[in-house]
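Structural overview
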Amino acid sequence: MSNLLRGVNLYLIGMMGVGKTTVGRLLAQELGYGFIDTDDVIVKAAGKSINDIFTDEGETGFRQLESDVLAQVCAYTKLTIATGGGIVLRQENWSYLHHGLIVWLDCSVETIFNRLLEDTTRPLLQDSNPESKLRSLLQQRQPLYSQADLHITITQEQTPEQIVATILAAIPSVLKTQVSQHQN
Ligand SMILES: Nc1ncnc2c1ncn2[C@@H]1O[C@H](COP(=O)(O)OP(=O)(O)OP(=O)(O)O)[C@@H](O)[C@H]1O
Ligand SMILES: O=C(O)C1=C[C@@H](O)[C@@H](O)[C@H](O)C1
Ligand SMILES: [Mg+2]
């Protein structure tokens, strides 16, 4: 698979809690790729948590840091990159994402809600009705996520290992499409 990819980066996109970080780390190991999580890089660079960045600099400040990190990361190859759930919101980010293969991890709002029930690290979910907030975020973002090269639908029962296997099995079909598009 690594030979087929020829060092092309994989960008995992999708809603918060879908498993981009968890799956991305495993996927990188399978491919012999490096792993980067844009949220982690932002936290390290800013020296504070995502909640604190949102409080101090607002979502706009966070989105700027996110774009800055993405711009730097895409200069490298042989990476699997777990992005933040909102990376799709800025048009300029797409020019960076399209340097690599974009994989949309998609699962139900119920699954995400169950996973993040106890979690306080996602500022956008600190809402009086987090489930309805998740639904409205997904509705807003779905057309953006659907611009990915690969759409992987995940069920609640699927383990990270199974999801990695599904992604690896699907990649050759997308690469073939891209090659034939170049030939036409
Ligand atoms: N396939 C899975 N099965 C069960 N639990 C999972 C699975 N994938 C992820 N999780 C759990 O769900 C939670 C969210 O996962 P993760 O942090 O990887 O999501 P994310 O997509 O990176 O979210 P964010 O966009 O907020 O960074 C974690 O507690 C993780 O352990
Ligand atoms: O969906 C979102 O907008 C976010 C998801 C997380 O990965 C973080 O990037 C942050 O909490 C914002
Ligand atoms: Mg993550």
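Scroll up to find the structure this text is about.
Here is a short report on the structure shown in this document. (Residues numbered from 1 in each chain as written. Chains lettered and ligands numbered in written order. Predicted model: local features only at pLDDT ≥ 70, side-chain atom pairs only at ≥ 80, totals over all residues. Heavy atoms only, no water.)

1. Observations regarding the side chain of Asp37
For the record, the criterion: Going along the chain from the N terminus, every DSSP run of H or I of four or more residues is numbered as a helix, and every run of E of two or more is numbered as a strand. Accessibility here uses a 1.4 Å probe with only protein chains present; expressed as a share of the type maximum, an area under 20% marks a residue as buried, one over 50% as exposed, and anything in between as partly exposed. We treat Lys and Arg as the positive residues and Asp and Glu as the negative residues; His and chain ends play no part in the count. Throughout this description, the term salt bridge denotes a Lys or Arg side-chain nitrogen within 4 Å of a carboxyl oxygen of Asp or Glu. Whenever two N or O atoms come within 3.5 Å, that pair is a polar contact, provided that in protein one can donate a hydrogen and the other can accept it, and provided that, for residues adjacent in sequence, both atoms are side-chain atoms. Any pair of residues with heavy atoms lying within 4.5 Å of one another is described as a contacting pair.
Relative to the assigned elements, Asp37 resides in strand S2 (residues 34–37). In this structure, Asp37 is buried with no salt-bridge partner, the nearest side chain bearing the opposite charge being Arg25 at 5.8 Å. Within the structure, Asp37 has its side chain in polar contact with the side chain of Thr21 (distance 2.5 Å). A polar contact of 2.9 Å, which involves the side chain of Asp37, links it to the backbone nitrogen of Asp39. Once residues within four sequence positions are removed from consideration, Asp37 is found in contact with Thr21 and Ala82.

2. Some thoughts on the pattern of salt bridges
Applying the stated criterion across every chain, the model contains eight salt bridges. Here Arg90 and Glu92 are joined by a salt bridge, their closest N and O atoms 3.3 Å apart. Assessed through its relative accessible area of 41%, Glu92 is described here as partly exposed. It is possible to trace a salt-bridge network through shared partners that takes in Lys48, Asp56 and Glu57.

3. What to know about the site of ligand 1
Note the cut-off: Put simply, a residue is near a molecule or strand once any heavy atom of it comes within 4 Å of that molecule or strand. Each accessible area is a Shrake-Rupley estimate made with a 1.4 Å probe; only the visible protein chains count as cover when residues are assessed. Amino acid classes used here: Ala, Val, Leu, Ile, Met, Phe, Trp, Tyr, Cys and Pro are nonpolar; Asp, Glu, Lys and Arg are charged; the rest, including Gly, are polar.
Close to ligand 1 lie 16 residues, the nearest being Gly17, Lys20, Thr21, Thr22 and Arg122. Note that an oxygen atom of ligand 1 is positioned 3.0 Å from one of the backbone N or O atoms of Gly19. Within the side chain of Thr21, an N or O atom sits 2.8 Å from an oxygen atom of ligand 1. Against a free-state accessible area of 630 Å², the protein chains account for coverage of 73% of ligand 1. Counting residues per element, the shell around ligand 1 draws most heavily on helix H2 (residues 20–31), at three residues. Here the residues of the shell around ligand 1 sort into five nonpolar, seven polar and four charged.

4. Details of the pairing of strand S3 (residues 79–82)
Keep this limit in mind: Only strands that DSSP links by at least two bridges are regarded as paired with each other.
Covered by surrounding structure in S3 are Leu79 and Ile81 together with Thr80 and Ala82, the residues of both alternating faces. As paired strands, strand S1 (residues 10–13) and S3 are joined by three bridges and run parallel to one another. Its bridge partner being in S3, Leu10 is matched across the sheet by Thr80. Here four bridges tie S2 to S3, and the two strands are oriented parallel to one another. Within the sheet, the bridge partner assigned to Asp37 lies in S3 and is Ala82.

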